[in-house]
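Below are the chains, spelled out letter by letter.
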Amino acid sequence: MFSRSGVSERTFIAIKPDGVQRHLVGEIVRRFERKGFKLVGAVCCVQASEELLKEHYIDLRDRPFYGRLVKYMSSGPVVAMVWQGLDVVRMARTMIGETNPAESKPGTIRGDFCIEVGKNVIHGSDSVESAQKEISLWFHPEELMCWEDAAERWIYE
Ligand SMILES: Nc1ncnc2c1ncn2[C@@H]1O[C@H](COP(=O)(O)OP(=O)(O)OP(=O)(O)O)[C@@H](O)[C@H]1O
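What counts as what
- Residues numbered from 1 in each chain as written.
- Predicted model: local features only at pLDDT ≥ 70, side-chain atom pairs only at ≥ 80, totals over all residues.
- Heavy atoms only, no water.
- Helix = DSSP H or I, 4+ residues; strand = E, 2+ residues; numbered from the N terminus.
- Rg over C-alpha atoms; globule rule 2.2 N^0.38 Å.
- Buried < 20%, exposed > 50% of the residue type's maximum accessible area, 1.4 Å probe, protein only.
- Contact = heavy atoms within 4.5 Å.
- Areas by Shrake-Rupley, 256 points an atom, 1.4 Å probe, with all protein chains shown as cover.
- Lys, Arg positive; Asp, Glu negative; His and termini not counted.
- Charge placed at Lys NZ, Arg CZ, Asp CG, Glu CD.
- UniProt positions renumbered as here; feature names shortened; annotations may be inferred.
- Salt bridge = Lys/Arg side-chain N within 4 Å of Asp/Glu carboxyl O.
- Near = heavy atom within 4 Å.
- Nonpolar A, V, L, I, M, F, W, Y, C, P; charged D, E, K, R; others polar.
- Pairing = 2+ DSSP bridges.
- Core = buried A, V, L, I, M, F, W, Y, C linked by side-chain atoms within 4.5 Å.

A. Just the overall build of the protein chain, in detail. Along the backbone of the protein chain there are 8 helices and 4 strands. Ordered by position in the sequence, the α and β elements of the protein chain form the string β-α-α-β-α-α-β-α-α-β-α-α. Scaling as 2.2 N^0.38, a compact globule of 157 residues should have a C-alpha radius of gyration of about 15 Å, and the protein chain matches this with 15 Å. Each principal axis of the C-alpha atoms in the protein chain carries an extent, and together these give about 45 × 35 × 25 Å. Classification of the 157 residues of the protein chain by burial places 45% in the buried group. In the protein chain, the share of contacts with a sequence separation of at least 24, taken over all contacts with a separation of at least 6, comes to 80%. Accessible surface, the protein chain as shown: approximately 9,100 Å² in total, 52% of it carbon and sulfur. One finds the centroid of the 21 positive side-chain charges in the protein chain at a distance of 4 Å from the centroid of its 23 negative side-chain charges.

B. Highlighting the UniProt feature "binding site: ATP" (unreviewed entry) in the protein chain. Per the UniProt record, "binding site: ATP" (unreviewed entry) is annotated on Lys16, Phe65, Arg93, Thr99, Arg110 and Asn120. Relative to the helices and strands, Lys16 is located in the loop between β1 (10-15) and α1 (17-21). Ignoring anything within four residues of it in the chain, the contact list for Lys16 reads Tyr57, Tyr72, Met73, Pro77, Val78, Arg110, Asn120, Val121, Ile122 and His123. Looking at the secondary structure, you find Arg93 in helix α5 (residues 88-96). Given a relative accessible area of 34%, Arg93 falls into the partly exposed group. Those residues in contact with Arg93 that sit more than four places away from it in its chain are Gly124, Ser125 and Asp126.

C. Focus on the pattern of salt bridges. One pass over the structure, following the stated rule, counts 5 salt bridges. Between Asp87 and Arg90 there is a salt bridge, with its nearest N and O atoms 2.7 Å apart. Residues joined in a network through salt bridges with shared partners are Glu27, Arg30, Arg31 and Asp112.

D. Structural view of the UniProt feature "domain: Nucleoside diphosphate kinase-like" (unreviewed entry) in the protein chain. Here, UniProt's "domain: Nucleoside diphosphate kinase-like" (unreviewed entry) annotation points to residues 8-146. Overall, residues 8-146 shows 40% helix and 18% strand. The separation of its end C-alpha atoms is 10 Å.

E. Here's a closer look at the site of the ligand. Surveying the vicinity of the ligand reveals 14 residues, the closest of which are Lys16, Arg93, Thr99, Asn120 and His123. In isolation the ligand has 570 Å² of accessible area, and contact with the protein removes 80% of it. At the level of elements, α4 (66-73) and β4 (122-124) are the ones that each hand at least two residues to the shell around the ligand. A breakdown of the residues in the shell around the ligand according to their chemical character gives 5 nonpolar, 5 polar and 4 charged.

F. How the structure looks around the pairing of strand β3 (residues 78-84). Of all 7 residues making up β3, 7 are buried, and the element is well covered by its neighbours. Sheet analysis places strand β2 (residues 38-46) next to β3, joined by 6 bridges and oriented antiparallel. Pairing of Ala42 across the sheet is with Met81, part of β3.

G. Examining the nonpolar core more closely. Grouped together as the largest cluster of nonpolar side chains are 20 residues, with contacts concentrated most on Ile13, Ile28, Phe32, Met81, Trp83, Ile109 and Ile122. Among the secondary structure elements, those contributing two or more residues to this core are β1, α2 (25-35), β3, α5 and α6 (109-113). Among the elements that line this core, the one with the most residues is α5, at 4 residues. Discounting residues that sit within four places of it in the chain, Ile109 has contacts with Ile28, Arg31, Phe32, Met95, Ile96, Cys114, Val121 and Ile122.

Here is the structure:
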């Protein structure tokens, strides 16, 4: 197992129903893989319950779009994933872009693949604490894999 401290940081990434419907799953997974991050958990095509989504977005419960957001997220299958690597929470947010795709730079996922905030194709945890909470909400501990990535010695110094 690669032992550098920090490499074991994990983040929760979900491809939202519009990302699945628009056939972006392969493209998004490819970006995270090619960056060098390690996939340690995935539930491909899960229909999230309203109960889970309300808990996931609990911090936004007073926002006017909360009901619409829960409906959008439960409107079709999502792909839920856990990615691991050095500083992965922050770097994944950089790869994803701004909440509003219109403010996201080309080269980011939202900058390249979507237009409106209410259909922004992907979720990524915004802090290490949120990632821990979200991972435990969406996954049982035994669903997460510890595995040795042979490429790690070519990714980290
Ligand atoms: N003004 C809005 N109108 C409609 N939906 C919105 C609006 N603002 C945010 N949302 C939706 O709520 C989600 C969560 O909002 P938040 O402010 O936490 O942004 P985020 O952290 O970039 O997004 P996410 O948590 O999905 O990664 C957004 O990704 C988007 O789908």
